[in-house]
Amino acid sequence: MPMPDEIVGLLRSKITLKWADGHETAYRARDLRLACRCAACIEETSGRPLLDPATISENVRAKKIELCGQYAIAIEWTDGHTTGIFNFRDLRGNCPCDLCIAERAAGRAPRSP
Ligand SMILES: [Zn+2]
Ligand SMILES: [Zn+2]
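Residues numbered from 1 in each chain as written. Chains lettered and ligands numbered in written order. Predicted model: local features only at pLDDT ≥ 70, side-chain atom pairs only at ≥ 80, totals over all residues. Heavy atoms only, no water.

### A word on the coordination of the zinc ion (ligand 1)
Spelled out, the test is: Here the term donor refers to an N, O or S atom within 2.8 Å of the metal (or 3.2 Å for Na, K and Ca), and because water is left out of the atoms, sites may appear incomplete. Four donors are marked tetrahedral only if all angles between them lie between 85 and 135 degrees, whereas four are marked square planar and six octahedral if opposite donors are more than 155 degrees apart and the other angles lie between 65 and 115; the remainder are marked irregular. Each helix is a run of DSSP H or I of at least 4 residues and each strand a run of E of at least 2, with the numbering of both proceeding from the N terminus.
Only Cys36 (SG), Cys38 (SG), Cys41 (SG) and His81 (NE2) from the protein reach the zinc ion (ligand 1) as donors, at distances of 2.1 to 2.3 Å. For the zinc ion (ligand 1), the 4 donor atoms are set out with angles of 100 to 116° between them, so the coordination reads as tetrahedral. Donor residues binding the zinc ion (ligand 1) come from one chain and are separated in sequence as C-x1-C-x2-C-x39-H. Taken as a pair, Cys36 in the loop between α1 (29–34) and β4 (62–68) and His81 in the loop between β5 (72–77) and β6 (84–87) lie far apart in primary sequence, 45 residues in all.

Now the structure itself:
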């Protein structure tokens, strides 16, 4: 399980995770908000998205970031959404940097569903 040494992103346009192995993953705050997989954003039984991206402001920010056990972070957003949990495996597995995109394309890194 990848573990971040540092997470920087409170009220910033980007949320950056610095991993123990030195890699850095930066998400746009809004992209991460839109990637929320909680029951309020994704219908549990069908996997149908319930969240309309048009309702999420460009300026949405993380108001609070809390460690959730050893495997995830819980983010409280400025739009009032508080139920999102983001696990480190997916955060690292979906890393949008050029290097990780190239590695995923080459099939070297585990792909997230
Ligand atoms: Zn959600
Ligand atoms: Zn990366």
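Back to the write-up after that little detour.
### Some thoughts on the coordination of the zinc ion (ligand 2)
Summarising the metal site, the zinc ion (ligand 2) is bound by the protein donors His23 (NE2), Cys95 (SG), Cys97 (SG) and Cys100 (SG), whose distances to it range over 2.0 to 2.3 Å. Geometry at the zinc ion (ligand 2) is tetrahedral, judged from its 4 donor atoms and the angles of 102 to 121° they form at the metal. Each donor residue of the zinc ion (ligand 2) belongs to the same chain, and together they define the spacing H-x71-C-x1-C-x2-C. Here Cys97 lies in the loop between α2 (88–93) and α3 (98–105) and His23 lies in the loop between β2 (14–19) and β3 (24–28), a separation of 74 residues in the sequence.

### Overview of a nonpolar patch on the surface
As a reminder of what qualifies: Excluding any residue in a salt bridge, patches collect residues exceeding 30% relative accessible area, merging like charges within 9 Å and nonpolar Val, Leu, Ile, Met, Phe, Trp and Tyr side chains within 5 Å. Accessible areas in this description were obtained via Shrake-Rupley with a 1.4 Å probe; residue shielding takes into account the shown protein chains only. By definition here, a salt bridge exists when the distance from a side-chain nitrogen of Lys or Arg to a carboxyl oxygen of Asp or Glu is within 4 Å.
A cluster of nonpolar side chains, namely Met1, Tyr71 and Ile85, defines an oily patch on the protein surface of about 340 Å² accessible area. Position of Ile85 among the secondary structure elements: in strand β6.

### So, the pattern of salt bridges
Our working definition: Think of it in three bands: with a 1.4 Å probe and only protein chains considered, a residue is buried below 20% of the maximum accessible area for its type, exposed above 50%, and partly exposed in between.
With the rule as written, the count across this model stands at 11 salt bridges. Residue Arg92 is joined to Asp21 by a salt bridge in which the shortest nitrogen-to-oxygen separation is 3.0 Å. With Arg92 in helix α2 and Asp21 in the loop between β2 and β3, this residue pair connects regions lying 71 residues apart in the sequence. The class for Asp21 is exposed, based on a relative accessible area of 56%. Taking the shortest distance from any N to any O, the salt bridge between Arg48 and Glu43 comes out at 3.1 Å.

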